[in-house]
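In case you want the letters, here they are:
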Amino acid sequence: MEKKGHFLRKIAGLMAVVMLLAMCAGCGQKPVQPEKPVEPDTTDTEQPTDIVLVQPDDAEVPVDFETAQKAWPDAYAYIKIPGASNMAIREGNFLVQRPGDDDYYLYRDLDGKDNKAGTMYTQASFNKPDMSDPVTLIYGHNMKTGRMFAPIVKYRDQSFYDAHPYMYLYTPNQLYKVNLFAGMVTPHDSTVYSYSLSADYIKQCIASSTFKSSVGTPTGNILTLSTCAYDYDNARYVVMGEL
């Protein structure tokens, strides 16, 4: 009986050691959960359209505004940076404006559907769609996917500016070649968001620009593109050009 008891005590001891080792092996680790499938985010995906928007044979205004405005009545202009690879506006994007609701397109696409990428827009309370204001401000999100105005921050690099010193802006009646003269990081409430800028302030913008331009101080109307920057809280990056 004594030998049997001794044997049972050895078995019990071994089992206790095994249980202790098993507990130690799991220390500090959470139970592994099966991975859930990642659902694709479709809210920032461009939707295909059957509308033919660009007419390459028409050099002056190669955009079919008549057709586009039947689908998107708030669309009034079209902007593009020629030859800018990986740019959201390389092939062009429409600008919109909703009278009575300045920020309607902040989180809506051209069709008015909820979309975190929004649409490039101007505010009707401050800008007329004919580009006749001293300063026209265009707003667009800085998307992680690279869409909208995210790529304009590439103008922080002088070499990018040297390769793309201008952009085109089309309206139903006119083509503008917008010569860029400054790009800078600025607070969201800085003077650059005024709709009339003094010559001295414009010179300050040029002096603090992330690229150097040969355009000089503009004397005509100004087009400013604005998007978020992450240099500090509420920072923005703007690119300025002369219409």
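Residues numbered from 1 in each chain as written. Predicted model: local features only at pLDDT ≥ 70, side-chain atom pairs only at ≥ 80, totals over all residues. Heavy atoms only, no water.

Section: the environment of Lys177
Next up, step 1: Mapped onto the fold, Lys177 is located in strand S5 (residues 174-187).
Next up, step 2: Note on Lys177: relative accessible area 44%, which makes it partly exposed.
Next up, step 3: For Lys177 and Met167, which are 10 residues apart along the polypeptide, the C-alpha to C-alpha distance reads 6.0 Å.
Next up, step 4: Apart from residues lying up to four places away in sequence, Lys177 is in contact with Tyr166, Met167, Tyr168 and Glu242. (Helix = DSSP H or I, 4+ residues; strand = E, 2+ residues; numbered from the N terminus. Buried < 20%, exposed > 50% of the residue type's maximum accessible area, 1.4 Å probe, protein only. Contact = heavy atoms within 4.5 Å.)

Description of unusual backbone geometry
For residues other than glycine, phi is negative in most cases, and the peptide bonds are mostly trans.
Next up, step 1: In this structure, Met131 is a non-glycine residue whose phi angle is positive, near 65°.
Next up, step 2: Within the secondary structure layout, Met131 lies in the loop between strand S2 (93-96) and strand S3 (135-139).
Next up, step 3: For Asn234, which is not glycine, the phi dihedral falls at a positive 60°.
Next up, step 4: Here Asn234 is to be found in the loop between strand S6 (222-228) and strand S7 (235-242).
Next up, step 5: You can call Asn234 partly exposed: its relative accessible area is 46%.

Observations regarding the sheet that holds S3
Next up, step 1: In space, the 7 strands of this open sheet follow the order S2-S1-S4-S5-S7-S6-S3, with mixed pairing throughout. Bordering the open sheet on either side are S2 and S3, each of which pairs with just one other strand. Between one strand and the next, the sheet's axes are offset by a mean angle of 30°, whatever the strand orientation.
Next up, step 2: Pairing analysis gives 3 bridges linking strand S1 (residues 75-80) to strand S4 (residues 166-171), with the strands arranged antiparallel. Looking across to S4, one finds that Ile79 is bridged to Leu169.
Next up, step 3: In the packing of helix H4 (residues 199-207) onto the sheet, contacts are made with S5, S6 and S7, and the angle to S5 comes to roughly 75°. (Pairing = 2+ DSSP bridges. Axes fitted to C-alpha atoms, helices over the stretch in contact; angles between N-to-C directions.)

Some words on the confidence of the model for the chain
Next up, step 1: Mean pLDDT for the chain: 78, with 71% of residues reaching 70 or above.
Next up, step 2: Below pLDDT 50 for its whole length, residues 14-52 participates in 17 contacts with residues either more than four positions away or in separate chains.
Next up, step 3: The model gives residues 85-91 a pLDDT under 50, and that stretch makes 24 contacts with residues more than four places away or in other chains. (pLDDT = per-residue confidence, 0-100.)

What about the pattern of salt bridges?
Next up, step 1: For the structure shown, the criterion picks out 3 salt bridges.
Next up, step 2: The partner of Lys128 in a salt bridge is Asp133, and the shortest N-O contact between them spans 2.8 Å.
Next up, step 3: Overall, the relative accessible area of 41% leaves Lys128 in the partly exposed class.
Next up, step 4: A salt bridge links Asp231 to Arg156; the nearest nitrogen and oxygen atoms lie 2.6 Å apart. Of this pair, Asp231 sits in the loop between S6 and S7 while Arg156 sits in the loop between S3 and helix H3 (158-163), placing them 75 residues apart in sequence.
Next up, step 5: The exposure class assigned to Asp231 is partly exposed, which follows from its relative accessible area of 44%.
Next up, step 6: Its relative accessible area of 36% is what places Arg156 among the partly exposed residues. (Salt bridge = Lys/Arg side-chain N within 4 Å of Asp/Glu carboxyl O.)

Thoughts on the environment of Leu95
Next up, step 1: As for its position among the elements, Leu95 is in strand S2.
Next up, step 2: Along the chain, Leu95 and Met120 lie 25 residues apart, while their C-alpha atoms are 5.2 Å from each other.
Next up, step 3: Residues in contact with Leu95, not counting those within four places in the same chain, are Asp74, Ala75, Tyr76, Ala77, Ile79, Met120, Ile138 and Leu169.

A few points about the packing of aromatic side chains
Next up, step 1: Across all of its chains, the model carries 13 aromatic pairs by this definition.
Next up, step 2: Here Trp72 and Phe94 contribute two aromatic rings whose centre-to-centre distance is 5.7 Å and whose plane-to-plane angle is 55°, an arrangement assigned as tilted. On the criterion of sequence distance, the pair formed by Trp72 in the loop between helix H2 (65-71) and S1 and Phe94 in strand S2 is long-range, its members being 22 residues apart. Here Trp72 and Phe94 have matching classes, each one buried.
Next up, step 3: Centre to centre, the rings of Tyr166 and Tyr168 are 5.6 Å apart; their planes meet at 65°, and the pair counts as edge-to-face.
Next up, step 4: Each member of the aromatic cluster is reached from another via a ring pair, and the members are Phe65, Trp72, Tyr78, Phe94, Tyr166, Tyr168 and Tyr170. (Phe/Tyr/Trp six-rings, centres within 6.5 Å; stacked < 30°, edge-to-face > 60°.)

Notes on the pairing of S3
Next up, step 1: The buried fraction of S3 amounts to 5 of the 5 residues, a majority that puts the element mostly inside the structure.
Next up, step 2: Neither face of S3 is left uncovered, since the one carrying Val135, Leu137 and Tyr139 and the one carrying Thr136 and Ile138 both have all their residues buried.
Next up, step 3: Bridge count for S3 against S6 is 5 bridges, and the pairing is parallel. Looking across to S6, one finds that Tyr139 is bridged to Ser226.

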